[in-house]
Amino acid sequence: MADQHAQSGEDKRPTEIPVIRWEEPPEGPVLVLLDQTRLPAEEVELVCTDAPMLVEAIRSLAVRGAPLLGIAGAYGVALAAVRGFDVDDAADALAAARPTAVNLAVGVRRAQAAHRAELARSGDTDKAAEAALAAARKLHRDDAEASARMAERGMALLDELLPGGGHRVLTHCNTGSLVSGGEGTAFAVALAAHRVGRLRRLWVDETRPLLQGARLTAYEAARSGMAYTLLTDNAAGSLFAAGEVDAVLIGADRIAADGAVANKVGSYPLAVLARYHHVPFIVVAPVTTVDPDTPDGASIEVEQRAGFEVTEVTAPQVPVTGPGGGIPVAPLGTQAYNPAFDVTPPELVTAIVTEEGVVSPVTAEALAEVCARSREVTIG
Ligand SMILES: CSC[C@H]1O[C@H](OP(=O)(O)O)[C@H](O)[C@@H]1O
């Protein structure tokens, strides 16, 4: 296999700008986001002053990735509270911004519950706003801690399944620092293996149509100094056939009570390929991604996105002509099928790595037991 990969550099944070931060300038509190739609070309900040701005940032994927959506949603409730907007209306709008990643609703409802409890206790709206902000900050910290623990558990699992090191890992979409309060989920495992010299290569699916792999994972991999190679999604099969993949590492947006996994579209075909080629298919996700109220994969709402994301591409330096603001790559008027996610049944998942433990084989009972180790596992 040709050995083209990025030049190894030092292990730097993926961006010089924090992915998300709360600021309190004189003109009033704001939530500052790294606009992920502008990466990798530009590190541009988005300053949200109210919940509607944040809802649009979530819908456009300026801020994205299940754990980070939960953190952003919680800060969004705090932003509404401190700026005197209706907190319940803001919470409902934020929770509904994207339906599949359960973490969004988890984060929103936790901050909303904290606000409601303090308001009931003290009747003081300022204290209630501070309670919502404290809940958001705690979720932010907890996710960073969970990311580190998932990385440790995931690396230990790779070493157990693949003795001898030199792991060649394939990943899909983006699951690094750009989706997390820490270093991410699945990508954090690859990064941990890289840091101890046990990652031979990261195969990066470009992840059509929004190219989170090409734009974001390759960006993070390049800055980490790891050996990585980008591939089109439809080239993954030939890598498995050539025996070039030792394990698949992916994230999750919602895990049902039976262990079914909703993740970026294209994950399910990788699970089928992994099973056919006897390659471990490993899901890495915090327990906040497990939704005990969703019984099975068929119950997961899969977000359907606009067709122009498929029929157009955007290139900032090229004038755009398509109705979606992009450059048409299909005849104008072409209808497109654009599910943002797909669902992998539990029987195709080798293991689910959480910060509380590893679930393998994946059964409803084993998943519930691991989640029960967490202090807060259901939507608050
Ligand atoms: C582990 S969170 C990352 C998760 O979220 C991505 O979806 P999107 O980019 O649409 O937010 C993708 O499903 C990743 O696996």
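Residues numbered from 1 in each chain as written. Predicted model: local features only at pLDDT ≥ 70, side-chain atom pairs only at ≥ 80, totals over all residues. Heavy atoms only, no water.

## Observations concerning helix α3 (residues 87-95)
Three or four residues apart is the spacing at which side chains of an α-helix point the same way, because the helix has 3.6 residues per turn. Within α3, the full set of buried residues consists of Val87, Ala90, Ala91, Leu94 and Ala95. The buried residues of α3 occupy an angular sector of 125° when projected down its axis, which confines them to one face. The secondary structure elements touched by the buried residues of α3 are α1 (51-59), α2 (66-82) and α4 (102-122). Regarding α3, its N-cap is Asp86, as a side-chain oxygen of that residue lies 3.0 Å from the backbone nitrogen of Asp88 further along. (Buried < 20%, exposed > 50% of the residue type's maximum accessible area, 1.4 Å probe, protein only. Helix = DSSP H or I, 4+ residues; strand = E, 2+ residues; numbered from the N terminus. Arc of directions from axis to C-beta. Contact = heavy atoms within 4.5 Å. Polar contact = N/O pair within 3.5 Å; in protein donor to acceptor, adjacent residues only side chain to side chain.)

## Some words on the packing of α4 against helix α5 (residues 125-161)
As a packed pair, α4 and α5 sit with axes 8 Å apart at the nearest point and diverge in direction by 150°. On the basis of the axis angle, α4 is roughly antiparallel to α5. Of the two possible hands of crossing, α4 and α5 adopt the one that is right-handed. Contacts between α4 and α5 involve Gly107, Arg110, Ala111, Ala114, His115, Glu118, Leu119, Arg121 and Ser122 from the first element and Thr125, Lys127, Ala128, Ala129, Ala131, Ala132, Ala135 and Leu139 from the second. For the contact of α4 with α5, the residue count by class is 9 nonpolar, 4 polar and 4 charged. (Axes fitted to C-alpha atoms, helices over the stretch in contact; angles between N-to-C directions. Parallel < 35°, antiparallel > 145°, perpendicular 65-115°, else oblique. Left-handed = near helix turned anticlockwise from the far one by under 90°. Nonpolar A, V, L, I, M, F, W, Y, C, P; charged D, E, K, R; others polar.)

## A few points about the pairing of strand β4 (residues 167-171)
With 5 of its 5 residues buried, β4 lies for the most part within the structure. Residues His167, Val169 and Thr171 of β4 are buried on one face, and the alternating residues Arg168 and Leu170, pointing to the opposite face, are buried as well. Pairing analysis gives 5 bridges linking β4 to strand β5 (residues 199-205), with the strands arranged parallel. Directly across from His167, in β5, lies its bridge partner Leu199. As paired strands, β4 and strand β7 (residues 247-250) are joined by 3 bridges and run parallel to one another. Each residue of the ladder has a partner; that of Thr171, found in β7, is Leu249. (Pairing = 2+ DSSP bridges.)

## Side note on the UniProt feature "active site" (unreviewed entry) in the chain
Feature annotation in UniProt assigns "active site" (unreviewed entry) to the following positions: Asp253. Position of Asp253 among the secondary structure elements: in the loop between β7 and β8 (254-256). Excluding residues within four positions of it along the chain, Asp253 makes contact with Ala66, Thr100, Ala101, Val102, Asn103, Ala262, Asn263, Lys264, Thr289 and Phe341. (UniProt positions renumbered as here; feature names shortened; annotations may be inferred.)

## Thoughts on the sheet that holds β8
In space, the 4 strands of this open sheet follow the order β11-β8-β9-β14, with mixed pairing throughout. Of all strands in the sheet, those bounded by a partner on one side alone are β11 (290-291) and β14 (341-344). Lying on the sheet, helix α9 (residues 267-276) is in contact with β9 (261-264) and β14; it crosses β14 at an angle near 35°.

## Considerations on the UniProt feature "site: Transition state stabilizer" (unreviewed entry) in the chain
As annotated by UniProt and renumbered to match this structure, "site: Transition state stabilizer" (unreviewed entry) occupies Cys173. For Cys173, the location among the structural elements is in the loop between β4 and α6 (186-195). Here Cys173 falls in the buried class, since its relative accessible area comes to 7%. Aside from chain neighbours lying at most four places away, what touches Cys173 is Arg64, Asp205, Thr207, Gln212, Gly213, Thr217 and Lys264.

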